[in-house]
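Spelled out from the first residue to the last, the chains are:
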Amino acid sequence: MIKTERLTKRYESLTAVDHVSFEARPGEVLGFLGPNGAGKTTTMRMIAGFIAPTGGTASICGHDIEREPLAAKAKLGYLPEGAPSYGEMSVRGFLEFIADLRDLTGAARRIRLEQVTERLGLGSVAAQTIDTLSKGFRRRVGIAQAILHDPPVLILDEPTDGLDPNQKHEVRALINEMAAEKTIVVSTHILEEVEAVCTRAIIIARGRIVADDTPQGLAARSRYHNAVSLRLGRPEQLAAARAALVALPQVESVETDAQGLRLTALPRAGAALLADVNAITARDGFALQALELESGRLDEVFRSITT
Amino acid sequence: MHHTVTIAKRELAGYFATPVAYVFILIFLLLASAFTFYLGGFYERGQADLAPFFNFHPWLYLFLIPAISMRLWAEERKSGSVELLLTQPVTLWQAVLGKFLAAWAFTALALALTFPIWITVNYLGSPDNGVILAAYIGSLLMAGGFLAIGSCMSALTRNQVVAFILAVVVCFAFLLAGFPLVLDAFHAWAPQVLIDAIASLSFLTHFEAISKGVLDVRDLLYFVLTMAFFLIATAIILDVRKSE
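Here's what I pulled together on the structure shown here. Since we're looking at a predicted model, the values are computed, not measured. (Residues numbered from 1 in each chain as written. Chains lettered and ligands numbered in written order. Predicted model: local features only at pLDDT ≥ 70, side-chain atom pairs only at ≥ 80, totals over all residues. Heavy atoms only, no water.)

**Re the nonpolar core**
Next, step 1: Core analysis: the biggest nonpolar cluster contains 151 residues, and A:Phe94, A:Leu122, B:Trp73, B:Phe203 and B:Phe223 have the highest contact counts within it.
Next, step 2: Among the elements that make up this core, the one with the highest residue count is helix α9 (residues 129-156) of chain B (13 residues).
Next, step 3: Sequence-distant contacts of A:Phe94, defined by excluding residues within four places in its chain, comprise A:Ser85, A:Tyr86, A:Met89, A:Ile130, A:Val141, A:Gln145 and B:Leu84.
Next, step 4: Counting residues in hydrophobic clusters, the runner-up holds 16 residues, among them A:Ala244, A:Val251, A:Leu263 and A:Ile280. (Core = buried A, V, L, I, M, F, W, Y, C linked by side-chain atoms within 4.5 Å. Buried < 20%, exposed > 50% of the residue type's maximum accessible area, 1.4 Å probe, protein only. Helix = DSSP H or I, 4+ residues; strand = E, 2+ residues; numbered from the N terminus. Contact = heavy atoms within 4.5 Å.)

Here it is, written out as structure tokens:
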């Protein structure tokens, strides 16, 4: 598990990370969200023992990162931002080097190297130098390096950045696979990723934690939570439908999308709209192409919290 | 300790993964022979020793050693691999020492490849091989001193060219510390104790003593301490600047 207490990093003129405290337990996939420059990477670097905090503490599986750095790092797999590696090395040579540093020996070493190479699809490029690989492969080499010693704690800084949709799907599947017994922290600014892999999300802005909740909990903070959207088949019915929605007592307001075919009715606090909307469409004979109950829009929550 | 060796092995293999190593060794050998035979008058002197060979080593190292050392940390910081390395279960000190040892071993290899000149001098006459061995040891120690300075300069910046120039300048100052060029800058204001102290830092003075075959503990200690000082400085600088 990971635990930070009032973790703080100050540079001369700015406080990059300001009293960040959280705990992550095995089985949790914690999404670390925030705009660029919010302090995500600095926080992760401190937990990984790369930079020293100016205040507060961080520990991995009970080992304080400053007092017992080697014990803490041994429990951690870390993918730094941008997945750096040694470009002139071959993929196999690089992973062997990491295996040496991780003190993997004998059969266990061979099996782990095989498993990781296989799981990340690196077999076909094992003999190539890392410099010659595509961005997606390099990112996968970085992930392979992080999970090679099968660590109980994983910190992945933007693991899917620069990957194509198929590769993103692969990496997310891998994270989900490992989630059961590991503590995983994933930093990202891709919100769909939070819904795809995270059991919990922390939003950080200007160095502070501004939200700490499940993805569903965060979505529920959206004004679109429990809103009902409908797409009309016949544009000429738009005005009538809009008027009918506005007339509903439970409706706070109605929004029309840019194309003008989709109406979204936002509920008053705590109200449920779906049955009522259903009733008026049947009553007035609106031709519906789609009717959707929204769970909330993370991007809207993200924007409202971080700006 | 084994992590230091692991890091050193990786670094050393890295030299040979690109043409850098071969180009360096070739140029080192070419320049070393050119200096010995043309500038040093190896044949004309009519003496069976390697003084003309070793006398040019400080000047050869002045430009070639920074070329090796410039990438030690500047490149790690530029590519971000320093973050990968230092978040493995290794100490900063193991990393600093491992990379330095790799560079030093590489220099030792280049130096060892000058053996034909030793064979030549033994073929032509009967030199004092003890003196030659001492000079080789002195040359290797001096190379270590230069490399430690270079390692420190490389830790200061992400730019290899800057690291190279800084290393040349600092090495040059250390080389000539006992000479008017450097000392004159201090004569006007510094007390004699300080001037003597600076003069005693000269690489040239210590190297010349060793290369004459005098293996004085003080000269050996001087180079060992210089290396220790600049490697500790490397670690301190890295600790502060690694994430910038």
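This is not the end of the story, as more comes after the structure.
**Details of the packing of helix α4 (residues 57-69) of chain B against helix α10 (residues 160-175) of chain B**
Residue and element names in this part refer to chain B.
Next, step 1: Between α4 and α10, the shortest axis-to-axis distance is 8 Å and the interhelical angle comes to 155 degrees. Classified by the angle their axes make, α4 and α10 are roughly antiparallel. Crossing handedness for the pair α4 and α10: right-handed. Contacts between α4 and α10 pair Pro-58, Trp-59, Leu-62, Phe-63, Pro-66 and Ala-67 from the former with Phe-164, Ala-167, Val-168, Cys-171, Phe-172 and Leu-175 from the latter.
Next, step 2: Tallied by class, the residues present in the contact of α4 with α10 amount to 12 nonpolar, no polar and no charged. (Axes fitted to C-alpha atoms, helices over the stretch in contact; angles between N-to-C directions. Parallel < 35°, antiparallel > 145°, perpendicular 65-115°, else oblique. Left-handed = near helix turned anticlockwise from the far one by under 90°. Nonpolar A, V, L, I, M, F, W, Y, C, P; charged D, E, K, R; others polar.)

**Focus: the side chain of A:His149**
Residue and element names in this part refer to chain A.
Next, step 1: Positionally, His-149 belongs in the loop between α5 (135-147) and β7 (153-157).
Next, step 2: The exposure class assigned to His-149 is buried, which follows from its relative accessible area of 13%.
Next, step 3: A distance of 3.4 Å separates a polar atom in the side chain of His-149 from a polar atom in the side chain of Arg-102.
Next, step 4: In this structure His-149 touches Ala-74, Leu-76, Gly-77, Arg-102 and Leu-104, once residues within four positions along its chain are discounted. (Polar contact = N/O pair within 3.5 Å; in protein donor to acceptor, adjacent residues only side chain to side chain.)

**Remarks on the sheet that holds strand β8 (residues 183-188) of chain A**
Residues and elements named next belong to chain A.
Next, step 1: One open sheet holds the six strands; their spatial order is β6-β7-β8-β3-β9-β10, and the pairing between them is mixed. Pairing within the sheet leaves two strands with one partner each, and these edge strands are β6 (76-79) and β10 (208-213). Pairs of neighbouring strands in the sheet enclose a mean axial angle of 15 degrees, with direction left out of account.
Next, step 2: In the sheet, strand β9 (residues 200-205) pairs with β10 via five bridges, with the strands oriented antiparallel. When the sheet's bridge partners are listed, Ala-205 is paired in β10 with Arg-208.
Next, step 3: On the sheet, α5 packs against β6 and β7 and is oriented at approximately 165 degrees with respect to β6.
Next, step 4: Contacting β3 (29-33), β7 and β8, helix α6 (residues 165-179) runs over the sheet at an angle of about 155 degrees to β8. (Pairing = 2+ DSSP bridges.)

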